[in-house]
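Report on the structure
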Amino acid sequence: MATIDRQTATLALAHALSAAGRGLPVFPLSATKLPALRSPHHGEQPPVRCRGECGLPGHGVHDATTDPAAVRALFAAAPRATGYGIACGRAPHRLVGIDLDIDTAHGNDSVGALQQLALQHLFTIPPTVTVLTPSGGRHLWLTGPADTTVPNSAGRLAPGIDVRGSGGYLVGPGSITAHGRYRLAPGTAHLPPAPCPRALLRLLTPPRREPTPSGSPGHPGKETAPGRRGEGLIQFVLAAHEGQRNTRLFWAACRAYEHGFGDTLADALTAAAVRTGLTEQEARAAIASAERLTRGRE
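Cut-offs used in this document
- Residues numbered from 1 in each chain as written.
- Predicted model: local features only at pLDDT ≥ 70, side-chain atom pairs only at ≥ 80, totals over all residues.
- Heavy atoms only, no water.
- Buried < 20%, exposed > 50% of the residue type's maximum accessible area, 1.4 Å probe, protein only.
- Helix = DSSP H or I, 4+ residues; strand = E, 2+ residues; numbered from the N terminus.
- Pairing = 2+ DSSP bridges.
- Contact = heavy atoms within 4.5 Å.
- Phe/Tyr/Trp six-rings, centres within 6.5 Å; stacked < 30°, edge-to-face > 60°.
- Polar contact = N/O pair within 3.5 Å; in protein donor to acceptor, adjacent residues only side chain to side chain.
- Expected span 1.5 Å × (residues − 1).
- Bend = angle between axes of the 7 residues up to and from the residue.

With that settled, consider the pairing of strand S9 (residues 161-164). A two-sided burial pattern is seen for S9, the buried positions comprising Ile161 and Val163 on one face and Asp162 and Arg164 on the other. The pairing of strand S8 (residues 153-158) with S9 spans 3 bridges and is classified as antiparallel. By the bridge assignment, Ser153 is partnered in S9 with Val163. The hairpin turn running from S8 into S9, its antiparallel successor, is 2 residues long, and Gly160 in that turn takes a positive phi close to 85 degrees.

Here the focus is the side chain of Ser153. By the secondary structure assignment, Ser153 is in strand S8. In this structure, Ser153 is in contact with Asp162, Val163, Arg164 and Glu258, ignoring residues within four places of it in sequence.

So, on to the packing of aromatic side chains. Following the criterion strictly, the structure yields 2 aromatic pairs and no others. Aromatic pair Phe27 and Tyr169: ring centres 5.1 Å apart, planes at 85 degrees, arrangement edge-to-face. In this pair, Phe27 is assigned in strand S1 (residues 26-29) and Tyr169 in strand S10 (residues 169-171), connecting sequence segments 142 residues apart. Measuring from ring centre to ring centre gives 4.9 Å for Phe236 and Trp251, while their planes differ by 45 degrees; the resulting arrangement is tilted. Highlighted residues: Phe236 in helix H5 (residues 227-238) and Trp251 in helix H6 (residues 245-258), separated in sequence by 15 residues. Under the relative-accessibility criterion, Phe236 is labelled partly exposed at 27%. The class of Trp251 is partly exposed, set by a relative accessible area of 35%.

Tracing the backbone shows Thr133 in the loop between strand S6 (130-132) and strand S7 (138-143). With a relative accessible area of 11%, Thr133 lands in the buried category. With 47 residues separating them along the chain, Thr133 and Gly180 place their C-alpha atoms 8.0 Å apart. Residues within four places of Thr133 in sequence aside, it is in contact with Arg138, His139, Arg181 and Tyr182. There is a polar contact of 2.9 Å between the side chain of Thr133 and the backbone nitrogen of Gly137.

Turning next to helix H7 (residues 262-276). Its 15 residues give H7 an end-to-end C-alpha distance of 20 Å, which sits within 8% of 21 Å, the value for a rise of 1.5 Å per residue. Taking the largest bend as the criterion, H7 deviates by roughly 30 degrees, centred on Ala268. Within two residues after H7, Gly277 carries a phi angle of roughly 125 degrees, on the positive side.

Below is the structure:
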């Protein structure tokens with residue numbers, strides 16, 4: 001097993017260096033698709049706002065680099081890495097990832113939903129790099145303009161469609177996770193990431209909400225009070241049945257962070273999730289994942 005692990009780590013590094021050579025900022029991932037390096041701020045009182053300013057590795061997507069020596073150093077510090085992440089929104093490509101999830105159990109047809117959006121808003125997805133996921137889904141690689149910041153989102157565009165933008169990352173092809181290998185779709189390896197169609201870009205970058213003058217208690221000028229929307233998200237979590245609990249909590253937390261009151265609502269969401277049967281540790285982990293996905297760089 002140790003030999004296999006070393007071979008897997010060596011292959012992950014090789015794939016990451018190849019991607020970095022094409023101008024894609026990379027960093028090591030574990031088999032769980034999470035950053036392989038432990039945060040140097042582990043154990044500190046949350047929320048931790050450091051995005052690598054401390055100079056130490058272990059800041060996830062903020063460690064991403066195209067420098068070969070730096071990539072090697074990151075993987076040397078993460079000998080159990082089985083894959084690599086590619087930071088989105090970063091020059092020169094400013095990658096935008098369209099994650100089409102396959103969820104036949106719940107009737108989600110993400111490919112059909114994207115096609116419907118294309119017909120409705122008059123755009124066409126151009127031929128581009130496509131990565132096949134172990135679960136049967138796919139990642140479409142697009143590029144965004146320098147003057148536009150695409151935020152991360154989960155299911156906002158349509159059910160089963162997640163967007164990886166600034167502050168987010170995609171699992172790179174060649175990575176091995178607990179569920180299998182990520183691989184390039186046949187016929188797309190030679191393609192460069194295609195520019196995101198303007199009509200789709202407008203859907204991905206909704207107008208920003210103006211913050212309230214005073215903000216919410218403890219977050220002056222930054223976050224809006226959750227109000228009825230927050231109560232609705234809590235009730236959404238409380239209504240979860242077995243098999244839905246983690247998914248509903250993650251979705252609700254994403255919505256809360258997208259609208260600026262995630263930190264304010266985190267404890268209430270945790271309490272609601274615990275009432276449905278999740279442990280507090282499971283609930284906190286799901287909410288932290290939602291924060292990483294939606295908050296991006298500040």
